[in-house]
Amino acid sequence: MKRKIIIDCDPGHDDIMAILLSLAHPEEIEILGYTTVCGNQLVEKVTRNLCQVLTAIHREGKIAVGYDAPLYYAPDPQPLAHGESGLDGPQLPEAKIAPLAIHAVDFLKQQLEQSEEPVTLVALAPLTNLAVFLKTYPQLKEKIAMITLMGGAIGKGNILPKAEFNIYEDPHAAKIVFESGVPIVMSGIEVCDDCSILHSEIDALKGSGPIQDLAHEILQFFSRYSRERGKDRSPLFDVAPIMHLLHPEYFISRPASVQVEVAGQYTRGMTVVDQREGVSQKQLNTELLLSCDREKFIQCFLEGLAWLDKN
Ligand code: RIB
Ligand code: CA
C-alpha cells in the first residue's frame, strides 16, 4: 500500500538527497507536501533551495513555510556544512514554484484532516514545526502513522560532543515530540554513519544524467567536510529515514527509551538513550535504528537517482 508522507526539512544537501530518493519510489511513497523550517540555514533560504531544486528536476510540490526560529533558542545556521545559501555547490535555476500562503502547522492540519488514512511525518530538521503542531492539534495525533526522524544519537555528537544538530537546534521542540506518545523511529548519528556514500561513488555520478549530475554537484560540496579530514565517505544523514520506510529489512533496530536534554553546560540537545536492563515498557517511546547494511543502502540510493534520470 502506498504510504502518504509529509517531509519536514531544512534543505540542506542531505535533505535534498532524501527528497530525491522519495521521488524515485512513486509506487511506494506519495509525497503530500513539504514543510520547511529554520535549521541548516534561515527558513527563507532553505525554502528557496527547495523551490529551486524542484524546479531543476521539473517537479511540482506543495510547500508550506514553517518557523523561522526554534521555540526558545536563537537560530544557529551552519554555513560550514551547507554554505551561506544552505545549499552551496550546484548552479540552480530560478524557482518556478512558490510556497503556499499557509503556515506549515496549518498545512499539516489540513493534510491530516483530508487524508483518509494516517500520514507518516518525515522529520529531517529541527522539530519546531512538528512540536507546535502536536501541541496545537493534539486531537490529530491519531492521524499520524509515525514520525520517522533524523536526529539525536546513542552516544555520539556532531554539533557538540554529545548532541546532534537537529535536536540541539531546538531541544524544547524535540522534547515535546519524543514525549508526545506518537510512534517515533529515530535515525541517530550511529545508523547514519552506516548510511554513507563513498567519495568514489559520488565522483562516479558525474556524466550519468542531469539529476545524477545535480546530485554530484550537491554531494561534491557536502563531502568537502569529510574529504578535508581524510575520510573516504560522507554520511547521508537525512536519507536514513526514507530508506527505512522503503527497506526496513536493511536495518537493525530495537525499542528504546529516549529523553531530550533541553539545557546543559555541555549537553544541550543530547538524546539520553536509557540502555539499562529493565526499562519499563511504557518508557519505550522510540524505535531506535542501530545499524544499516551500507551496500544495500547505497545500491538502492544510486538506483533511485538513475531511475529519476530515466523517468
Ligand atoms: O545532523 C545532521 C542533520 O543536521 C541533517 O538533517 C542535516 O541536514 C542537518 O540538518
Ligand atoms: Ca536536514
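Here, every reference points to the structure presented above.
Residues numbered from 1 in each chain as written. Chains lettered and ligands numbered in written order. Predicted model: local features only at pLDDT ≥ 70, side-chain atom pairs only at ≥ 80, totals over all residues. Heavy atoms only, no water.

## Some thoughts on the layout of surface pockets
Approximately 760 Å³ is the volume attributed to the largest pocket. Considering the residues around the largest pocket, the lining is formed by 31 residues, among which Ala81, Asn158, Tyr225, Pro235 and Phe237 are closest to the centre. Broken down by secondary-structure element, the contributors of at least two residues to the lining of the largest pocket are helix H1 (13-23), helix H3 (79-82), helix H6 (165-169), helix H8 (189-194), helix H11 (224-228) and strand S8 (233-235). When grouped by side-chain class, the residues that make up the lining of the largest pocket number 11 nonpolar, nine polar and 11 charged. (1 Å grid on protein atoms, 1.4 Å probe; cavity = no way out; pocket = protein on both sides within 12 Å on 5 of 7 lines; lining within 4 Å. Points joined across faces, edges and corners; volume = space filled by probe spheres on them. Helix = DSSP H or I, 4+ residues; strand = E, 2+ residues; numbered from the N terminus. Nonpolar A, V, L, I, M, F, W, Y, C, P; charged D, E, K, R; others polar.)

## So, the sheet that holds strand S4 (residues 119-123)
Sheet architecture is open: nine strands sit in the order S3-S2-S1-S4-S5-S6-S11-S9-S10, paired in mixed fashion. The sheet is open, and its two edges are formed by strand S3 (63-65) and strand S10 (271-274), each paired on a single side. On average, each strand axis in the sheet is inclined to that of its neighbour by 30 degrees, with strand direction left out of account. One ladder, built from four bridges, connects strand S1 (residues 3-9) with S4; its direction is parallel. Within S4, the residue paired with Asp8 across the bridge is Ala123. The strands touched by helix H12 (residues 239-246) are S1, strand S2 (29-36), S4, strand S5 (144-150), strand S6 (184-187), strand S9 (251-260) and strand S11 (286-292); relative to S5, the strand with the most contacts, the crossing angle is about 140 degrees. (Pairing = 2+ DSSP bridges. Axes fitted to C-alpha atoms, helices over the stretch in contact; angles between N-to-C directions. Contact = heavy atoms within 4.5 Å.)

## What about the site of ligand 1?
Neighbouring ligand 1 are the residues Asp10, Asp14, Asp15, Asn40, Leu124, Met150, Asn158, Glu164, Phe165, Asn166, Phe237 and Asp238. A distance of 2.9 Å is found between an oxygen atom of ligand 1 and a side-chain nitrogen or oxygen belonging to Asn158. Take Asn166: an N or O atom from its side chain is 2.9 Å from an oxygen atom of ligand 1. Notes on ligand 1: free accessible area 270 Å², of which the protein chains cover 96%. Judged by the fraction of its atoms near the pocket grid, ligand 1 is located in the largest pocket. Listing elements by their share of the shell around ligand 1, those giving two or more residues are H1 and H6. Class assignment of the residues belonging to the shell around ligand 1 gives a composition of four nonpolar, three polar and five charged. (Near = heavy atom within 4 Å. Polar contact = N/O pair within 3.5 Å; in protein donor to acceptor, adjacent residues only side chain to side chain. Areas by Shrake-Rupley, 256 points an atom, 1.4 Å probe, with all protein chains shown as cover. Sits in = over half its atoms within 2 Å of the grid points.)

## Quick notes on the environment of Glu164
By the element assignment, Glu164 lies in the loop between S5 and H6. Along the primary structure Glu164 and Ala263 are separated by 99 residues, whereas in three dimensions their C-alpha atoms are 14 Å apart. Once residues lying within four places of it in the same chain are set aside, the contact partners of Glu164 are Met150, Gly151, Gly152, Asn158, Ile159, Ile189 and Gly269. In terms of polar contacts, Glu164 uses its side chain to reach the backbone amide nitrogen of Gly152, at 2.9 Å.

## Some points on the side chain of Asp10
Among the secondary structure elements, Asp10 is positioned in the loop between S1 and H1. Among buried charged residues, Asp10 stands out as having no salt bridge; its nearest opposite-charge side chain is Arg268, 12 Å away. A distance of 2.8 Å separates a polar side-chain atom of Asp10 from the backbone nitrogen of Asn40. Not counting the four nearest positions on each side in its chain, Asp10 is found in contact with Asp15, Val37, Gly39, Asn40, Val46, Leu124, Ala125, Pro126, Phe165 and Asn166. (Buried < 20%, exposed > 50% of the residue type's maximum accessible area, 1.4 Å probe, protein only. Lys, Arg positive; Asp, Glu negative; His and termini not counted. Salt bridge = Lys/Arg side-chain N within 4 Å of Asp/Glu carboxyl O.)

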